[in-house]
Amino acid sequence: MEQRQPSHPRWDKEVCERLVAGDEAALGELYDELSPLVYGLAARVTRDWAAAEDITQEVFVRVWEDPQAFDPARGTWRGWLGTMTHRRAVDWVRRSAVRHRRTADAAPPVAAPDPEETAVAGSVAKSVQAAVDDLPAAQREAIRLAYFDGQTYRQVAETLGIPEGTAKSRLWLG
């Protein structure tokens, strides 16, 4: 039997087809392969371990509930999940900032994460950074501005002096 490569277009399409057919094992494979990316990205954007866990769960629940939303002809699971994760994480940061402004004087101190969580998050962050470093320079720059600096695609376009459509394309391809 042929060995499939995760995050290969054929693998992406097969997993999508299996999910649409209701195959729970396909969700497990997708989760095993890409949950470190999703969690690491969410943790990096939110800087909150619990929020990253919640976002990771939300992303994979969304996949299970509507697998047809992913189109393997338009991109990879890695890119699609990364985009969805980033959007949810940025939304969380924005909601958190609003909540913080409303309750600034009543906020208790944040508990430090346990050492195991810190080690796992560090490892995931290194993997994400290595994947970003492997991107072509134009995509890498756009990804860093959007995912790591929290800029919108419009802000990325403005920062790089490129059209918004080009910024969207670089982010999607990255």
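Small disclaimer: the values here were computed from a predicted structure and weren't measured.

A.B. asks: Any chance you could explain the overall build of the protein chain here in plain terms?
C.D. replies: Helices and strands together make up the secondary structure of the protein chain, namely 8 helices and 0 strands. When the helices and strands of the protein chain are listed from N to C terminus, the series reads α-α-α-α-α-α-α-α. In the protein chain, which comprises 174 residues, the proportion classed as buried is 34%. Residue pairs at least 24 apart in sequence account for 58% of intrachain contacts in the protein chain once pairs closer than 6 positions are excluded. In the form shown here, the protein chain has an accessible surface area of approximately 10,600 Å², with 51% of it arising from carbon and sulfur atoms.

A.B. asks: When you look at the side chain of Gln139 in this model, what are you seeing that I'm missing?
C.D. replies: Looking at where Gln139 falls in the secondary structure, it is placed in helix α6 (residues 137-148). Classification of Gln139 as buried rests on a relative accessible area of 15%.

A.B. asks: How should the pattern of salt bridges be read in this particular structure?
C.D. replies: Should the charged atoms of two oppositely charged side chains come close, the side chains can pair. Tallying each qualifying case throughout the model produces 8 salt bridges. Measuring nitrogen to oxygen at the nearest pair gives 3.5 Å for the salt bridge that ties Glu14 to Arg18. Of the two residues, Glu14 and Arg18 both sit in helix α1 (residues 9-20), 4 residues apart, roughly one turn of that helix. Accessibility classification places Glu14 together with Arg18 in one group, the buried group.

A.B. asks: What is the right way to read the confidence of the model for the protein chain from this model?
C.D. replies: Close inspection of predicted coordinates is inappropriate in any region flagged by low pLDDT. Across the protein chain, pLDDT averages 83, with 87% of residues at or above 70. The secondary structure element of the protein chain with the lowest average pLDDT is helix α5 (residues 115-133), at 72, and the one with the highest is helix α3 (residues 49-65), at 94.

A.B. asks: Would you mind going over the packing of α1 against helix α2 (residues 24-46) with me for this structure?
C.D. replies: Angle between the axes and distance between the axes are the two parameters that describe a pair of packed helices. Put simply, α1 and α2 touch, their axes get as near as 8 Å, and they point 140° apart. Here α1 lies oblique to α2, going by the angle between them. Within the contact between the two elements, α1 uses Trp11, Val15, Arg18 and Leu19 and α2 uses Ala25, Ala26, Leu27, Glu29, Leu30 and Glu33. Of the residues belonging to the contact of α1 with α2, the class tally is 7 nonpolar, no polar and 3 charged.

A.B. asks: Is there a simple way to explain the side chain of Thr83 in this structure?
C.D. replies: Within the fold, Thr83 resides in helix α4 (residues 77-102). Within the structure, the side chain of Thr83 is placed 2.9 Å from the backbone oxygen of Gly79, a separation counted as a polar contact. When near neighbours in sequence (up to four residues on either side) are disregarded, Thr83 contacts Tyr147 and Trp172.

A.B. asks: I tried to follow the environment of Val90 on my own but got confused; where do I start?
C.D. replies: Looking at the element boundaries, Val90 is found in helix α4. Remark: the alpha-carbon pair of Val90 and Tyr147, spanning 57 residues in sequence, is separated by 8.8 Å.

A.B. asks: Sorry if this is basic, but what is going on with the packing of aromatic side chains here?
C.D. replies: The description of two aromatic rings rests on the distance between their centres and on the angle between their planes. Tallied over the full model, the rule gives 4 aromatic pairs. Measuring from ring centre to ring centre gives 4.9 Å for Tyr31 and Phe60, while their planes differ by 70°; the resulting arrangement is edge-to-face. With a gap of 29 residues between them, Tyr31 in helix α2 and Phe60 in helix α3 connect regions that are remote in the sequence. Residue classification places Tyr31 among the partly exposed positions, given a relative accessible area of 39%. Both rings, one in Trp77 and one in Trp80, keep their centres 5.7 Å apart while their planes meet at 75°; by these two values the pair is edge-to-face. Highlighted residues: Trp77 and Trp80, both in helix α4, separated by 3 residues, approximately one helical turn. For the pair Trp77 and Trp80, one class covers both residues: buried. Taken together, the aromatic side chains of Phe70, Trp77 and Trp80 make up a single cluster linked through ring pairs.

A.B. asks: Got a minute to help me understand the packing of α2 against α4 in this structure?
C.D. replies: The N-to-C vectors of α2 and α4 enclose an angle of 30°; their axes lie 9 Å apart at closest approach. Considered as vectors, α2 and α4 are oriented roughly parallel to each other. Along this stretch, α2 crosses α4, giving a crossing that reads as right-handed. Judged by residue contacts, Leu30, Glu33, Leu34, Leu37, Val38, Leu41, Ala42, Val45 and Thr46 of α2 engage Trp77, Arg78, Leu81, Gly82, Thr85, His86, Ala89, Val90, Trp92 and Val93 from α4. Residue composition of the contact of α2 with α4, by class: 13 nonpolar, 4 polar and 2 charged.

About the cut-offs
Residues numbered from 1 in each chain as written. Predicted model: local features only at pLDDT ≥ 70, side-chain atom pairs only at ≥ 80, totals over all residues. Heavy atoms only, no water. Helix = DSSP H or I, 4+ residues; strand = E, 2+ residues; numbered from the N terminus. Buried < 20%, exposed > 50% of the residue type's maximum accessible area, 1.4 Å probe, protein only. Contact = heavy atoms within 4.5 Å. Areas by Shrake-Rupley, 256 points an atom, 1.4 Å probe, with all protein chains shown as cover. Salt bridge = Lys/Arg side-chain N within 4 Å of Asp/Glu carboxyl O. pLDDT = per-residue confidence, 0-100. Axes fitted to C-alpha atoms, helices over the stretch in contact; angles between N-to-C directions. Parallel < 35°, antiparallel > 145°, perpendicular 65-115°, else oblique. Nonpolar A, V, L, I, M, F, W, Y, C, P; charged D, E, K, R; others polar. Polar contact = N/O pair within 3.5 Å; in protein donor to acceptor, adjacent residues only side chain to side chain. Phe/Tyr/Trp six-rings, centres within 6.5 Å; stacked < 30°, edge-to-face > 60°. Left-handed = near helix turned anticlockwise from the far one by under 90°.

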